[in-house]
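Below, each chain spelled out in residue letters.
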Amino acid sequence: MAERWTPADIPDLTGRTAIVTGANKNLGFHTALELAAHGADVTLACRRRDRGERALAEIRRRAPDASVRLGLLDLADLSSVERFAKEYAADNAGLDILINNAGVLGVPRLLTADGHEMQFGVNYLGHFALTGRLLPLLRARSGARVVSLSTWVVKMMGKIDLDDLQSERAYDKFNAYNQAKLANLVFTRELARRYAGHGPAGVAAHPGFAASDLQYTGPRMEGSRFQEAFFKIPTRLFAKPTAMGAWPSLYAACAPGVEPGACYAPTGFGEIWGPIGRVKTPAKITDPELGRRLWDISERLAGVSYEAAAPETKEG
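Since we're looking at a predicted model, the values are computed, not measured.

Caption draft 1: Representation of empty space enclosed by the protein. In the structure shown here, the tally under the stated rule is one cavity of 30 Å³ or more. Here the largest cavity is characterised by a volume of approximately 50 Å³. For the largest cavity, the full set of lining residues is Ser150, Thr151, Trp152, Val154, Lys155, Leu185, His206, Cys263, Glu271, Val279, Lys280 and Thr281. In terms of residue class, the lining of the largest cavity is built from five nonpolar, four polar and three charged.

This is the structure:
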């Protein structure tokens, strides 16, 4: 653990490239801001142009010398994922940092453009597809890292049902969220296993309890003021500033000695606050059969073959 690591410890990133999904607000915005402020060439991967342009202008205001641009990406539409990756590859020879940050939380059961359950589709499957589409660029850069976000709640409540990844049998909005975030941890470990020594390092991070409007989306969609207030009160009382919530992602992306397959987060009580360091992950994600099966299912659902993207790669 790096004692009291802060973004001030980020090294000079000049010459390095980065993509941050969901960079128009919350953790994604502050992650992109710090990467750009430390010299990286950063692409804000955002669903809506208007929100992305506002974030772009704000980053340029705060870091006038930053190299930052906007790319349109809708993780709920796999054709958008493919288009974004092709456009990025046309302008860039490699990619050093991919932050799989964007997400939705606690929404009613909705479907993506491809018919997948929304939280599974956006939080996990869209990022799985994006990483696969960008794999040749990631492999072109020594030391590239893929940071996927999870949540501390999965330690207590996360469960992956490979026979019902789309929550078709019964839908609980929080179980669906936890399953998707747990899948990100499984993906991280499997990515690290498959590409050890010859590809990007898969690393996970979670913010602890940081101020964000993410948890209000579902209640607002359902018109539930009670649920919205239920989340707002503890957020105002106990959550740390949004900018601090981005620190684990930045640590996972930039700090030396980060271990592929590991998760980095606050190390204090409940992993809510505290210095950033490596934290324990649920034992269930270490099952190699779970990793292989989820990977195979994900390739089929996403229409992306990692082997085709890196044909010379051999599994360890």
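Continuing now.
Caption draft 2: Main features of the packing of aromatic side chains. This model, assessed by the stated rule, comprises 11 aromatic pairs. On the numbers, 5.8 Å between centres and 25° between planes, the contact of Phe187 with Trp295 is stacked. Taken together, the positions of Phe187 in helix α6 (residues 173–194) and Trp295 in helix α11 (residues 288–302) put the pair 108 residues apart, joining distant regions of the chain. Assessed through its relative accessible area of 3%, Phe187 is described here as buried. Trp295 sits in the buried class, given a relative accessible area of 1%. Linked through ring pairs, Phe120, Tyr124, Phe128, Phe187, Trp295 and Tyr306 together constitute an aromatic cluster.

Caption draft 3: Structural context of the packing of α6 against α11. The geometry of α6 relative to α11 is characterised by a closest axis approach of 9 Å and an angle of 100° between their N-to-C directions. Comparing their axes, α11 and α6 come out roughly perpendicular. Across from Ala183, Val186, Phe187, Glu190, Leu191, Arg193 and Arg194 in α6, the residues of α11 making contact are Leu290, Gly291, Arg292, Leu294, Trp295 and Asp296. Its residues placed into classes, the contact of α6 with α11 shows seven nonpolar, one polar and five charged.

Caption draft 4: Looking closely at the sheet that holds strand β8 (residues 276–279). If you trace the eight strands from one edge of the open sheet to the other, you get β3-β2-β1-β4-β5-β6-β7-β8, paired in mixed fashion. Looking at strand neighbours, the two that pair on one side only are β3 (67–72) and β8, the edges of this open sheet. Averaged over all adjacent pairs, the angle separating strand axes in this sheet is 25°, with direction ignored. For strand β4 (residues 97–100) and strand β5 (residues 145–149), the ladder comprises four bridges, and the chain directions are parallel. Residue pairing across strands places Leu98 opposite Val146, the latter belonging to β5. Sheet contacts for helix α3 (residues 78–91): β1 (17–21), β2 (41–46) and β3; angle to β1, the most-contacted strand, approximately 160°.

Caption draft 5: Summary view of unusual backbone geometry. For Asn26, which is not a glycine, the phi torsion comes out positive at approximately 55°. Positive phi is not limited to glycine here, since Ser167 has a value of about 55°. Structurally, Ser167 can be placed in the loop between α5 (154–157) and α6. When its relative accessible area of 9% is taken as the criterion, Ser167 is described as buried.

Caption draft 6: Up close: the pattern of salt bridges. Taken as a whole and assessed by the stated rule, the structure comprises 11 salt bridges. Residue Glu58 pairs with Arg62 through a salt bridge whose shortest N-O separation is 2.8 Å. One end of the pair, Glu58, and the other, Arg62, are both in helix α2 (residues 49–62), four residues apart, so they sit about a helical turn from each other. Note on Arg62: relative accessible area 44%, which makes it partly exposed. Linking Glu190 and Arg194 is a salt bridge whose minimum nitrogen-to-oxygen distance equals 2.8 Å. Of this pair, Glu190 and Arg194 are both found in helix α6, four residues apart, which corresponds to roughly one turn of the helix. Here the two residues Glu190 and Arg194 agree in accessibility, since each one is buried. Shared partners join several salt bridges into a network, and the residues in it are Glu58, Arg61 and Arg62.

Calculation notes
- Residues numbered from 1 in each chain as written.
- Predicted model: local features only at pLDDT ≥ 70, side-chain atom pairs only at ≥ 80, totals over all residues.
- Heavy atoms only, no water.
- 1 Å grid on protein atoms, 1.4 Å probe; cavity = no way out; pocket = protein on both sides within 12 Å on 5 of 7 lines; lining within 4 Å.
- Points joined across faces, edges and corners; volume = space filled by probe spheres on them.
- Nonpolar A, V, L, I, M, F, W, Y, C, P; charged D, E, K, R; others polar.
- Phe/Tyr/Trp six-rings, centres within 6.5 Å; stacked < 30°, edge-to-face > 60°.
- Helix = DSSP H or I, 4+ residues; strand = E, 2+ residues; numbered from the N terminus.
- Buried < 20%, exposed > 50% of the residue type's maximum accessible area, 1.4 Å probe, protein only.
- Axes fitted to C-alpha atoms, helices over the stretch in contact; angles between N-to-C directions.
- Parallel < 35°, antiparallel > 145°, perpendicular 65-115°, else oblique.
- Contact = heavy atoms within 4.5 Å.
- Pairing = 2+ DSSP bridges.
- Salt bridge = Lys/Arg side-chain N within 4 Å of Asp/Glu carboxyl O.

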